[in-house]
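Residue strings, one per chain:
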Amino acid sequence: MPAMSEAANYSAFEQLRNGRRVEIRALRPDDRADLIAAVARSSAQSLYRRFFAVKRDFAEPEVEFFLNVDFLDHVALVAIADESGRRVIAGGGRYIVVESGKAEVAFAVVDQYQGQGIGATLMHHLAAIARGAGLKELIAEVLPDNVPMLKVFEKSGLPLSTKREPQVVHVALRLC
């Protein structure tokens, strides 16, 4: 896996469960319109599961936060699919370092691409980059009814611990 200095240029190709190929690559500032379009193509339920609120409109500082990542403490990858010759964002994942050795991870997959392995693929690539950066643990907060995301974590192959509360499941994945 590439060193963090190379993470901003990260690119790999993967085959999904349905045979479709996607590119997993670093999010770039020029992905602005595609990122906004991906949010627009996502259902209220998908947005709620990602943001814990139905959030379709983002203020400019939020858009800047999502797009301008440093690939050191904030790493973001997108899954790019081909739709009739046009490349679109089918999903994305990111981690943000919250303390030394630990980062919070989050994912979103556009509805029409859910269930094809994009979340698992993004998880695999983010974990490899995080491990290469010396991180020891990835954490996440997941809504209890977000079974698909919980399964991505369970099937990641990483040692997993969870703590369930009524409104959230705290997930911790060990990288080493």
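Residues numbered from 1 in each chain as written. Predicted model: local features only at pLDDT ≥ 70, side-chain atom pairs only at ≥ 80, totals over all residues. Heavy atoms only, no water.

With that settled, the discussion passes to the side chain of Asp 31. Position of Asp 31 among the secondary structure elements: in the loop between strand E2 (21-26) and helix H2 (32-40). Within the structure, Asp 31 has its side chain in polar contact with the side chain of Arg 25 (distance 2.8 Å). Setting aside its immediate chain neighbours within four residues, Asp 31 contacts Arg 25, Ala 26, Leu 67, Val 78 and Ile 89. (Helix = DSSP H or I, 4+ residues; strand = E, 2+ residues; numbered from the N terminus. Polar contact = N/O pair within 3.5 Å; in protein donor to acceptor, adjacent residues only side chain to side chain. Contact = heavy atoms within 4.5 Å.)

This next bit is on the sheet that holds strand E8 (residues 169-174). In space, the eight strands of this open sheet follow the order E1-E2-E3-E4-E5-E6-E8-E7, with mixed pairing throughout. At either end of the open sheet lies a strand with only one pairing partner, and these are strand E1 (11-15) and strand E7 (160-164). When strand polarity is set aside, the average angle formed by the axes of neighbouring strands in this sheet is 25°. As paired strands, strand E3 (residues 74-83) and strand E4 (residues 86-99) are joined by ten bridges and run antiparallel to one another. For His 74, the partnering residue across the bridge sits in E4 and is Ile 96. Here helix H5 (residues 118-132) sits on the sheet and contacts E1, E2, E3, E4, strand E5 (102-109), strand E6 (137-142) and E8; the angle it forms with E4, its principal contact strand, is near 45°. (Pairing = 2+ DSSP bridges. Axes fitted to C-alpha atoms, helices over the stretch in contact; angles between N-to-C directions.)

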